[in-house]
Every structure is written in C-alpha cells, then in structure tokens.
Amino acid sequence: MKASEKRLLFALLGIFFLGAVVISSDFYFDKRDTLVAEAATLETEWVEIEALFEEKEIWEMRADWLTQQQPKFTSNEQIDQAIYQEALADKVPGVTTSKQTLLPTVTTPDYVQAGVSLSASGDLPSVFRWLHLLNRPESFRVIRNLKVQPDKEKPENVIATFELLRWYASPEA
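A brief structural summary. (Residues numbered from 1 in each chain as written. Predicted model: local features only at pLDDT ≥ 70, side-chain atom pairs only at ≥ 80, totals over all residues. Heavy atoms only, no water.)

### Examining the overall build of the protein chain
Right, on to step 1. For the protein chain, the helix and strand inventory stands at 4 helices and 4 strands.
Right, on to step 2. The C-alpha radius of gyration of the protein chain comes to 34 Å, more than 25% above the 16 Å expected for a compact globule of 173 residues.
Right, on to step 3. The principal-axis extent of the C-alpha atoms belonging to the protein chain is close to 115 × 40 × 30 Å.
Right, on to step 4. Looking at the 173 residues of the protein chain, the share that counts as buried comes to 24%.
Right, on to step 5. Surface summary for the protein chain: the accessible area is close to 12,800 Å², and the carbon and sulfur share equals 62%.
Right, on to step 6. Across the protein chain, 18 positive and 26 negative side-chain charges occur, with their mean positions spaced 5 Å apart. (Helix = DSSP H or I, 4+ residues; strand = E, 2+ residues; numbered from the N terminus. Rg over C-alpha atoms; globule rule 2.2 N^0.38 Å. Buried < 20%, exposed > 50% of the residue type's maximum accessible area, 1.4 Å probe, protein only. Areas by Shrake-Rupley, 256 points an atom, 1.4 Å probe, with all protein chains shown as cover. Lys, Arg positive; Asp, Glu negative; His and termini not counted. Charge placed at Lys NZ, Arg CZ, Asp CG, Glu CD.)

What follows is the structure, given as structure tokens:
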C-alpha cells in the first residue's frame, strides 16, 4: 500500500471514528437527560410519598370519624323530609323561612346529597346565628349560593337566599 493510500485509509477511519463518537455521544446525552428527568420525577414522588406517610394517622383518624359520624342514607323521602324540616327554623327566634323548594337528590359513590332552596328573613344577627348553626361540620350540612340583601319592607331586617345541603353516607359504603 502506498503512503497516500495509507493516509487516505487513516483519514477515512478517522472520519468513521469521529462519526461514531458524535453519534454515540448524542445517544449518550439524550439517554442521560431522560434518566436525569426520570430521577427528578422519582425524587418528587418519593417526597410526596413520605409526606403522605407522615400524615397517614391523621387521615385514618379522619376517615374513622367520618365513618362513625356521617348520617346513613335511608331513603329519598326520609332525607328530603329531614332537610325540609331542618330548613324551617321553627325554633329560632327572629328568623322566618319561605320559598322552600326541594332540590334533586344527588348520588355519588362517596355520598348522597339532599338539599332545599329557601329564603330566610329576620334581623341580621339572628339570621347569621342561624346560618352558623346550620353549617357546623358535625351536622354534614353546607350552605351554598348564599345571597344576603336588605329587606325592602323592613329596613332593619335582611333576606338570605341560599341552598341548604346535607351529605349522607352512600348506601354502597
């Protein structure tokens, strides 16, 4: 083999070697970036798992309390009647209710929701005291879409229009 052919062969081998280095380094850096991103994701998931594990007892206590305290679903008629009675405010001085309309019962895998739409009128402290009593966590009632306006006929009174909902344990639970 002549010297020029040897140089040409070495140049060609050098180009092949350089091409192989470029291609393999590109593959290496792509793979490395993927693994670094996956490691960061796994690290974040691990931190979340540790945080949840630390809170495990709290959430178990809450689930136990929920299981013991949440009223059980009986029948649509009984829960509709119960929510209607709760919305009457018979025993609350200074508050009168009107325009009560039962809302459709909503059933989910976790709870059954009964509700009534109503208006309550009375002096501001009495109405808000009654709303506060209705909305205690242990009663599993919630007030939604609350709108409070002054009463045009009696300026010292307010009219509160809202939906009173109660959540019952799902029958499947």
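Now, onward.
### Re the nonpolar core
Right, on to step 1. Of all hydrophobic cores here, the largest spans 19 residues; its most connected members are Leu-118, Trp-130, Leu-131, Leu-134, Phe-162 and Leu-164.
Right, on to step 2. Secondary structure elements with two or more residues in this core: helix H3 (76-86), strand E2 (111-123), helix H4 (124-134) and strand E4 (157-169).
Right, on to step 3. Sequence-distant contacts of Leu-131, that is, excluding residues within four places in its chain, are made with Ile-143, Leu-146 and Phe-162. (Core = buried A, V, L, I, M, F, W, Y, C linked by side-chain atoms within 4.5 Å. Contact = heavy atoms within 4.5 Å.)

### Observations concerning the sheet that holds E4
In a beta sheet, neighbouring strands pair by backbone hydrogen bonds and run either parallel or antiparallel.
Right, on to step 1. Taken in spatial order, the 4 strands make up an open sheet running E1-E2-E4-E3, and their pairing is antiparallel. The two strands at the open ends of the sheet, each matched to only one other strand, are strand E1 (95-107) and strand E3 (141-150). Strand-to-strand twist in this sheet, taken as the mean axis angle between neighbours without regard to direction, amounts to 15 degrees.
Right, on to step 2. Across 9 bridges, E1 lies against E2 in antiparallel orientation. Across the sheet, the residue bridging to Thr-107 is Val-112, located in E2. (Pairing = 2+ DSSP bridges. Axes fitted to C-alpha atoms, helices over the stretch in contact; angles between N-to-C directions.)

### Some remarks on the pattern of salt bridges
Right, on to step 1. Applying the stated criterion across every chain yields a total of 4 salt bridges.
Right, on to step 2. Taking the shortest distance from any N to any O, the salt bridge between Glu-60 and Lys-56 comes out at 3.8 Å. Note that Glu-60 and Lys-56 are positioned in helix H2 (residues 56-69) at a spacing of 4 residues, about one turn of the helix.
Right, on to step 3. Using a relative accessible area of 41% as the deciding quantity, one classes Glu-60 as partly exposed.
Right, on to step 4. Lys-56 sits in the partly exposed class, given a relative accessible area of 41%. (Salt bridge = Lys/Arg side-chain N within 4 Å of Asp/Glu carboxyl O.)

### Describing the side chain of Arg-166
Right, on to step 1. Inspection of the secondary structure assignment puts Arg-166 in strand E4.
Right, on to step 2. A polar atom in the side chain of Arg-166 sits 2.9 Å from the backbone oxygen of Ser-139.
Right, on to step 3. Apart from the residues lying within four places of it in its own chain, the contact partners of Arg-166 are Pro-71, Ile-83, Glu-86, Val-112, Gln-113, Ala-114, Ser-139, Phe-140 and Arg-141. (Polar contact = N/O pair within 3.5 Å; in protein donor to acceptor, adjacent residues only side chain to side chain.)

### Quick look at the pairing of E4
Right, on to step 1. Counting buried positions along E4 gives 10 out of 13 residues, so the element sits mostly inside the fold.
Right, on to step 2. Bridging between E2 and E4 involves 13 bridges; their strand directions are antiparallel. Looking at the pairing, Ala-120 lines up with Ala-160 of E4.
Right, on to step 3. Sheet topology places E3 next to E4; 8 bridges connect them, and they run antiparallel.

### Things to note about a negative patch on the surface
Right, on to step 1. A grouping of Glu-43, Glu-50, Glu-54 and Glu-55 is seen on the molecular surface, where their side chains present a negatively charged patch.
Right, on to step 2. Relative to the assigned elements, Glu-50 resides in helix H1 (residues 3-54). (Patch = residues over 30% accessible without salt bridge, like charges linked within 9 Å, V, L, I, M, F, W, Y side chains within 5 Å.)

### With respect to the packing of aromatic side chains
Right, on to step 1. A complete count under the given rule lists 4 aromatic pairs for this structure.
Right, on to step 2. Ring centres of Trp-130 and Phe-162 lie 5.9 Å apart, and the angle between their planes is 65 degrees; this geometry places the pair in the edge-to-face category. Here the residue Trp-130 occupies a position in helix H4, and Phe-162 occupies one in strand E4, the gap between them amounting to 32 residues.
Right, on to step 3. On the basis of relative accessibility, which here comes to 1%, the residue Phe-162 falls in the buried class. (Phe/Tyr/Trp six-rings, centres within 6.5 Å; stacked < 30°, edge-to-face > 60°.)

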